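Letter by letter, the chains look like this.
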Amino acid sequence: MSAADGQADAVPLTKHDFEALARFRFGIRRYLRFSEETVRGQGLTPQQYQLLLALKGFPEREWATVRELAERLQLRHHSVVELVNRAQKQGLVQRAAHPGDARAVRVLLTEDGDQILARLSALHRDELRRMDLALTLPRWHDDWSESSSAP
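Nothing here was measured: the structure is a model prediction, and the numbers come from that model. Residue numbers restart at each chain and count upward from 1, following the sequence in its written direction. Predicted model: local features are reported for residues with pLDDT of at least 70 only, side-chain atom pairs are reported and counted for 80 or more only, and whole-chain, interface and lining totals are derived from all residues. No hydrogens and no water enter the side-chain calculation; it runs on all heavy atoms of the structure.

Draft legend 1. Region of the structure containing the overall build of the chain. Secondary structure is summarised from DSSP: a helix means a run of H or I of at least four residues, a strand means a run of E of at least two, and numbering begins at the N terminus for each. In terms of helices and strands, the chain carries six helices and three strands. Tracing the chain from N to C terminus, the helices and strands come up as α-α-β-α-α-β-β-α-α. The buried share among the 151 residues of the chain stands at 32%. Here the analysis covers contacts within the chain between residues at least 6 apart in sequence; of these, 54% occur between residues at least 24 apart. The classification of residues rests on relative accessible area computed with a 1.4 Å probe and restricted to protein chains. Under 20% of the type maximum is buried, over 50% is exposed, and intermediate values are partly exposed. Only heavy atoms enter the contact rule, under which two residues are in contact if any of them lie within 4.5 Å.

Structure, rendered in structure tokens:
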């Protein structure tokens, strides 16, 4: 389906396409299961790990507002407020005044949050390296047939 109009492309999928899509979906689910189990084993919820990662990985700065985090995490504002509250109680994040907007609050990682995130992210990186083939984007039948017919 096209993201813009919700319509499927005219070229039908082949058996190879279905196999590639199923293999990719399986790889995603396997990775997510690994992630959920690994994070829980360290005493965090998957959402807390995602929050810490969104903060550390926020472009060009070491903090984000709740509104920005809601966008990054694809959650509602009030859900992120609760997530930040729980993470703050665990000493993973802290709130600070926003220098340019009195209505906004900056959310920052604490040293403990940064250390836990570094440990968990290294484990995630290593798992992604092991799963390299399973998470390779599918090559669609119409893509490879067009490229194979090129001179």
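On we go from here.
Draft legend 2. View of helix H5 (residues 111-130). Take the number of residues in a helix, subtract one, and multiply by 1.5 Å to get its expected span. Given a rise of 1.5 Å per residue, 20 residues ought to cover 28 Å, and the 29 Å separating the end C-alpha atoms of H5 matches this to within 8%. Of all the residues in H5, the buried ones are Gly-113, Ile-116, Leu-117, Leu-120, His-124 and Glu-127. End-on view of H5: buried residues confined to an arc of 100°, all on one side of the axis. Residues Glu-111 and Arg-129 are exposed on H5 and point more than 90 degrees away from its buried face. Each element contacted by the buried residues of H5 is listed here: helix H1 (15-41), helix H2 (46-56) and strand S3 (105-109). The directions considered for the arc are those from the helix axis to the C-beta atoms.

Draft legend 3. Just the sheet that holds strand S2 (residues 93-97), in detail. Strand pairing requires that DSSP identify at least two bridges connecting the strands. Strand order in the open sheet made by the three strands is S1-S3-S2, with antiparallel pairing throughout. Each of the sheet's edge strands pairs with one partner strand only, and the pair in question is strand S1 (63-65) and S2. This sheet shows a mean twist of 35° between the axes of neighbouring strands, independent of strand direction. Under this scheme, a helix contributes an axis fitted over its contacting stretch, all axes are lines through C-alpha atoms, and angles between N-to-C directions fall in the 0 to 180 degree range. Where H2 meets the sheet, its contacts fall on S1, S2 and S3, and the angle it forms with S3 comes to roughly 105°.

Draft legend 4. Seen up close, the environment of Phe-34. Looking at the element boundaries, Phe-34 is found in helix H1. With 89 residues separating them along the chain, Phe-34 and Leu-123 place their C-alpha atoms 9.7 Å apart.

Draft legend 5. Layout of unusual backbone geometry. Non-glycine residue Glu-60 carries a positive phi angle of around 65°. Tracing the chain through its elements places Glu-60 in the loop between H2 and S1. Using a relative accessible area of 85% as the deciding quantity, one classes Glu-60 as exposed. Although it is not a glycine, Gln-74 sits at a positive phi angle of roughly 60°. Relative to the elements of secondary structure, Gln-74 occurs in the loop between helix H3 (66-73) and helix H4 (77-89). We classify Gln-74 as exposed; its relative accessible area is 60%.

Draft legend 6. Expanded view of the pairing of S3. Two strands pair when backbone bridges link them, and S1 and S3 are joined in this way by three bridges, in the antiparallel orientation. In the strand pairing of S3, Ala-64 is matched with Val-107. Here S2 runs beside S3; their pairing, made up of five bridges, is antiparallel. In the sheet register, Ala-97 faces S3, and the bridge partner there is Val-105.

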